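Listed here are the chains, written in short residue letters.
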Amino acid sequence: MQSSSPYVPYHGRGRQPMLGREAEFDLARRWRDRGDEKALHRLILAYTPLVGNMARRFRSYGLSEEDLQQEGQLGLLQAARKFDPELGIRFGTYASWWVRAAVQEFVFRNYSLVGAKATTVGKRLFFQCRTVYNRVEALNPTWGRSQIVARVAELLGVTADQVAQMAERLACPTYSLDVPIAVIAGVSDDGETTFGDNLPSPDPLPDEVVEKTLDGGQLSKKLRTAIYDLSDRQQVIIKARWLSDEMATLDELGTQFAVSKERIRQVEKDAFGYLQNRLLGRRSRLPDRRKRCAA
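Computed from a predicted model, the values in this text were never measured in an experiment. (Residues numbered from 1 in each chain as written. Predicted model: local features only at pLDDT ≥ 70, side-chain atom pairs only at ≥ 80, totals over all residues. Heavy atoms only, no water.)

As for helix α5 (residues 91-110)
The first and last C-alpha atoms of α5 sit 28 Å apart over 20 residues, in line with the 28 Å expected at 1.5 Å per residue. Restricting attention to buried positions, one finds in α5 the residues Phe-91, Gly-92, Ala-95, Val-99, Ala-102, Val-103, Gln-104, Phe-106, Val-107 and Phe-108. (Helix = DSSP H or I, 4+ residues; strand = E, 2+ residues; numbered from the N terminus. Expected span 1.5 Å × (residues − 1). Buried < 20%, exposed > 50% of the residue type's maximum accessible area, 1.4 Å probe, protein only.)

Re the pattern of salt bridges
All told, the structure shown has 12 salt bridges when counted by the stated rule. Between Asp-36 and Arg-30 there is a salt bridge, with its nearest N and O atoms 3.1 Å apart. The closest approach of N and O atoms between Arg-32 and Asp-33, which form a salt bridge, is 2.9 Å. Where salt bridges share partners, they join Arg-29, Arg-32, Asp-33, Asp-84 and Glu-86 into one cluster. (Salt bridge = Lys/Arg side-chain N within 4 Å of Asp/Glu carboxyl O.)

Quick look at helix α6 (residues 120-139)
Between the first and last C-alpha of α6 there are 28 Å, a value that for 20 residues agrees with the 28 Å anticipated at 1.5 Å per step. Maximal helix bending in α6 amounts to about 45°, located at Gln-128. Of all the positions in α6, only Gly-122, Leu-125, Phe-126, Phe-127, Cys-129, Val-132, Tyr-133 and Val-136 are classed as buried. (Bend = angle between axes of the 7 residues up to and from the residue.)

Brief notes about the side chain of Glu-268
Within the fold, Glu-268 resides in helix α13 (residues 261-279). A residue is classified by how much of its surface remains accessible, and Glu-268, at 8% relative accessible area, is buried. At 2.7 Å, the side chain of Glu-268 and the side chain of Trp-242 are in polar contact. Those residues within four positions of Glu-268 in sequence are excluded, and the remaining contacts are Ile-237, Ile-238, Arg-241, Trp-242 and Leu-250. (Polar contact = N/O pair within 3.5 Å; in protein donor to acceptor, adjacent residues only side chain to side chain. Contact = heavy atoms within 4.5 Å.)

Okay, structure coming up:
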């Protein structure tokens, strides 16, 4: 004997009752006309398996199935808000587009850390490139990559460069440096090692730090000794030009010593030459300090 109930049993995943046509339209009208949240809940619950099926179709993009289902539920809720039973279309048919659109939008935005332009052509290429590419490759096993890319571009109505870029993006997804390697590799490992842990540090090695510290200290000592060997005027010029917070100009020093700025430049050049030779271990002659005081 056939049951007269508008609700028909559903024996699929989750074992939720599947709605008949009249029951479905009745719930939709109650939600639309009276804001009956219980009716909305029953309508959403009945079509939750649709969300699960759609989420599983997009698992190959490497995103969490729970996140995909959550986005699909939002699409299902949006479909319930906009559904008009008077059009005579079944809610499942109408909701499929909304659920698919919500899941696809989530996948497109979260597949890679590097964002892509959300254009109609870009989204179509993103979701069709892999399938069409694999199909063309399977049908033409002797073709090279350039031939396959050209054929895929022809079938999808885009340029070969667009297909090549999208194929590379799909083949090499990006991940956060904080994501555990075990999660990306798909292995059951409780380790917390991330990609960032395996990157070489830009800081110098400890022995290099010690070496530079020792060398730097010896160099500073050499420089102080070499500056002390300069004449009084040379010391003033070097310190005022290069060892002070505000560099003195040649004109200012020329006025201070009552000489031209060209003379100050020459004195500075001679002092630099002497310091360079001393730091490099070269022999450098300077007159006796008493004679240099007047230089």
